[in-house]
Amino acid sequence: MTFEPGRAELSGPAQQTLESTVKLLADNATYTADVIGHTDDVGAAGSNVSLSWRREEAVRRFMVERGPALNRFSFIGLGEDRATANTVAGRAQDRYVRVIVFRPAD
């Protein structure tokens with residue numbers, strides 16, 4: 001899910017997307033998830049790391065408040081390390097949190 005510049009609040013569509021992830025984790029008690037926050041390259045690098053942490057925390061908190069235990073999540077904010085865009089539209093795509101769900105090997 002993507003974010004507005006300098007913001008860490010979840011939009012309505014982002015919350016709807018996360019509801020399906022919450023259900024997947026709730027229905028599969030052995031699944032875990034990585035939550036990874038990103039920013040664009042506008043602003044100071046240190047501020048962007050902090051913002052990426054706040055974004056991933058908003059996503060993680062949303063999911064944990066709805067059921068899955070915190071110990072099922074790994075999380076990190078990467079700041080602008082993966083930002084590649086130099087246009088307004090491209091920077092909008094660089095401001096995101098990725099949630100990757102893992103199921104244990106059989």
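What you see is a predicted model; the values in this text were computed from it and never measured.

A. Seen up close, the overall build of the chain. Along the chain, the regular secondary structure elements total three helices and three strands. Along the chain, from the amino end to the carboxyl end, the secondary structure elements read α-β-α-β-α-β. The C-alpha radius of gyration computed for the chain amounts to 14 Å, which stays within 12% of the reference 13 Å derived for 106 residues, consistent with globular compactness. Principal-axis analysis of the C-alpha atoms places the extent of the chain at approximately 40 × 25 × 20 Å. Here the chain holds 106 residues, and 36% of them are scored as buried. Looking at charge distribution, the chain has the averaged site of its 13 positive side-chain charges lying 2 Å from that of its 14 negative ones.

B. How the structure looks around the pattern of salt bridges. Per the stated rule, a full pass over the model turns up eight salt bridges. Sharing partners across several salt bridges, the network here consists of Glu 19, Glu 65 and Arg 66.

C. Quick look at the pairing of strand S2 (residues 73–77). Pairing between strand S1 (residues 32–37) and S2: five bridges, direction parallel. For Ile 36, the partnering residue across the bridge sits in S2 and is Ile 76. With helix H2 (residues 45–64) bridging S1 and the parallel S2, this β-α-β connection has right-handed handedness.

D. Molecular detail of the nonpolar core. Leu 10, Leu 18, Val 35, Val 59, Met 63 and Phe 73 are the most contacted members of the largest nonpolar core, which totals 14 residues. Considering every element that reaches this core, the biggest residue donor is helix H1 (residues 12–27), with four residues. With sequence-adjacent residues up to four places away left out, Phe 73 is seen in contact with Leu 25, Ala 33, Val 35, Arg 60, Met 63, Val 64 and Pro 68.

E. Here's a closer look at the packing of aromatic side chains. Evaluation of the coordinates by the stated rule reveals zero aromatic pairs. Lying over the aromatic face of Phe 62, Arg 66 brings its terminal NZ or CZ to 3.5 Å of the ring centre.

F. Main features of the pairing of S1. Pairing geometry for S1 and strand S3 (residues 97–102), over six bridges, is antiparallel. Directly across from Ile 36, in S3, lies its bridge partner Arg 98.

G. Examining H1 more closely. Over its 16 residues, H1 runs 23 Å from end to end, which matches the ideal 22 Å to within 8%, given 1.5 Å per residue. All of the buried residues in H1 are Ala 14, Leu 18, Thr 21, Val 22 and Leu 25. Taken end-on, H1 shows its buried residues confined to a sector of 110°, consistent with a single buried face. Turned more than 90 degrees off the buried face of H1, the exposed positions are Pro 13, Gln 16, Lys 23 and Ala 26.

Rules used in this analysis
Residues numbered from 1 in each chain as written. Predicted model: local features only at pLDDT ≥ 70, side-chain atom pairs only at ≥ 80, totals over all residues. Heavy atoms only, no water. Helix = DSSP H or I, 4+ residues; strand = E, 2+ residues; numbered from the N terminus. Rg over C-alpha atoms; globule rule 2.2 N^0.38 Å. Buried < 20%, exposed > 50% of the residue type's maximum accessible area, 1.4 Å probe, protein only. Lys, Arg positive; Asp, Glu negative; His and termini not counted. Charge placed at Lys NZ, Arg CZ, Asp CG, Glu CD. Salt bridge = Lys/Arg side-chain N within 4 Å of Asp/Glu carboxyl O. Pairing = 2+ DSSP bridges. Right-handed = clockwise from strand over helix to strand, strands pointing away. Core = buried A, V, L, I, M, F, W, Y, C linked by side-chain atoms within 4.5 Å. Contact = heavy atoms within 4.5 Å. Phe/Tyr/Trp six-rings, centres within 6.5 Å; stacked < 30°, edge-to-face > 60°. Lys NZ or Arg CZ within 6 Å of the ring centre and 35° of its normal. Expected span 1.5 Å × (residues − 1). Arc of directions from axis to C-beta.

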